[in-house]
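# Report on the structure
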Amino acid sequence: MEGAISMAFERKLSKSIIGKLQDEQLYNDYLLPDIRKGDVFPAIRKEKITFYHAGGNLFSYGKNGFETNIKFASVSKLIKKGKEETYINEKDLGKIRTIKKFTDEYKGIKENCSRYSGIEAIGVSKVCEKDSYVKTDNDIVVLDVETSLESLDEDRSQDRIDLLLLNKRKKQLRFYEAKDFSNGEIRSRMGKKPKVVEQIIRYKTQVKVKGIKIIEAYNKYISIVNGIFSIDLEEIIDIDPDVYLLIFGFDRDQRSGQFKKYIKNDNSLKGIKGYSIGDMNNLKIENLWKGSKKLCT
């Protein structure tokens, strides 16, 4: 089964797709500037590159060119007497103009994309905005998000891990699962361990079983992005055997109250390593890496 799984986990992009992408106006005039400033995060998949924004899949590009969710592309305008109207009445419905090209309403598509993201995806995007492998020269960078691995459990099809960091100095990968403090999966219920414990254990098994294949796939990933974005990431030699839990989204009172009661003192997350921060806007990626330790007392 491992052979089938490792074949399913690939990071590659043909030269023909890369060449076509680099000729696209949407890429050169809109996406690339946003990638450089951290507003869009590019991730290599199997013969496809995905562009994330605010936690959502803004665009993907493959053999069929650019694609986006129909909900994001539902951008329309009504022009009356040379002025764009904000409000319309029913008789104006037939006069609404829809977009003909993605470049016509790039900003509107981005706005729609951000409206559909979940709270945890938005949290992860805060790290990407500041610490994308394209944007920053720091030792610690975000290399990927939403890493999807074929499950080792016959009852599941996929395991999707939220965040992948690269320590450039150590040439090491490390996975994180991100949970907002409001998520009930980080708390024990009726004496049962939190659901996230099983999730983290499952992910750690994935790393143990497929660690070498993951390193190989991401070395191909690095080779591709080095060429596309003119950067110089070095090859990975190691992967952290642990998978860490990132908890965020709590205020000062919750940290001294509920967080202390349900996370640190009840031992329900015993053995799970991780990091906690109230506001993801204040997260420093170096602290996330260095400060990740056992969450329970």
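These notes cover the structure that comes with them. What you are looking at is a predicted structure, and each value in this text was computed from that prediction instead of being measured. (Residues numbered from 1 in each chain as written. Predicted model: local features only at pLDDT ≥ 70, side-chain atom pairs only at ≥ 80, totals over all residues. Heavy atoms only, no water.)

## Some thoughts on helix α4 (residues 106-115)
Those residues of α4 that sit buried are Y106, G108, I109, K110, N112 and C113. Taken together, the buried residues of α4 touch α3 (25-37), β2 (49-53) and β3 (56-62). (Buried < 20%, exposed > 50% of the residue type's maximum accessible area, 1.4 Å probe, protein only. Helix = DSSP H or I, 4+ residues; strand = E, 2+ residues; numbered from the N terminus. Contact = heavy atoms within 4.5 Å.)

## A short note on the packing of aromatic side chains
The full count for this structure, using the stated rule, is 14 aromatic pairs. Considering the side-chain rings of Y61 and F66, the 4.6 Å spacing of their centres and the 65° angle between planes classify their relative orientation as edge-to-face. For Y61, a relative accessible area of 3% corresponds to the buried category. An aromatic cluster of three or more residues is present, and its members are Y27, Y30, F51, F59, Y61, F66, F102 and Y106. (Phe/Tyr/Trp six-rings, centres within 6.5 Å; stacked < 30°, edge-to-face > 60°.)

## A few points about the sheet that holds strand β12 (residues 238-248)
Read across the open sheet, the six strands follow the order β9-β10-β11-β12-β13-β14; overall the sheet is mixed. On the outer flanks of this sheet lie β9 (140-150) and β14 (293-294), each paired with one strand and no other. As paired elements, strand β13 (residues 273-277) and β14 share two bridges and run antiparallel to each other. Each residue of the ladder has a partner; that of K273, found in β14, is K294. Docked against the sheet, helix α5 (residues 119-131) engages β9, β10 (158-167), β11 (172-180) and β12, running at close to 140° with respect to β9. Each of β9, β10, β11 and β12 is contacted by helix α6 (residues 195-229), which is oriented at about 130° to β12, the strand it contacts most. (Pairing = 2+ DSSP bridges. Axes fitted to C-alpha atoms, helices over the stretch in contact; angles between N-to-C directions.)

## Digging into the pattern of salt bridges
Counted under the stated rule, the structure contains 14 salt bridges. For R45, the salt bridge goes to D144, with nearest N and O atoms at 3.0 Å. A residue pair is termed long-range when its members are at least 10 positions apart, and R45 in the loop between β1 (41-44) and β2 and D144 in strand β9 qualify at 99 residues. The buried category is assigned to R45, whose relative accessible area is 14%. (Salt bridge = Lys/Arg side-chain N within 4 Å of Asp/Glu carboxyl O.)

## Some remarks on the environment of V196
With respect to the helices and strands, V196 occurs in helix α6. Taking relative accessible area as the criterion, V196 reaches 1% and is therefore assigned buried. When the C-alpha atoms of V196 and K179 are compared, they prove to be 8.9 Å apart, with 17 residues separating the residues in sequence. Not counting residues up to four positions away in its chain, the partners in contact with V196 are K179, E185, I186, L245 and L269.

## Let's talk about the sheet that holds β2
Read from one edge of the open sheet, four strands run β1-β2-β3-β4, paired in antiparallel fashion. Two strands close off the open sheet at either side, each with one partner strand: β1 and β4 (65-67). The sheet shows a mean angle of 25° between the axes of neighbouring strands, direction not considered. With five bridges connecting them, β2 and β3 associate as antiparallel partners. Residue pairing across strands places I49 opposite Y61, the latter belonging to β3. The strands touched by α6 within the sheet are β1 and β2, with β1 carrying the most contacts at an inclination of about 135°.

## A short note on unusual backbone geometry
Notably, E47 is not glycine yet its phi reads approximately 55°, a positive angle. Looking at where E47 falls in the secondary structure, it is placed in the loop between β1 and β2. Judged by its relative accessible area of 29%, E47 is partly exposed. Of note in the backbone geometry, K171 takes a positive phi value of approximately 55° without being a glycine. With respect to the helices and strands, K171 occurs in the loop between β10 and β11.

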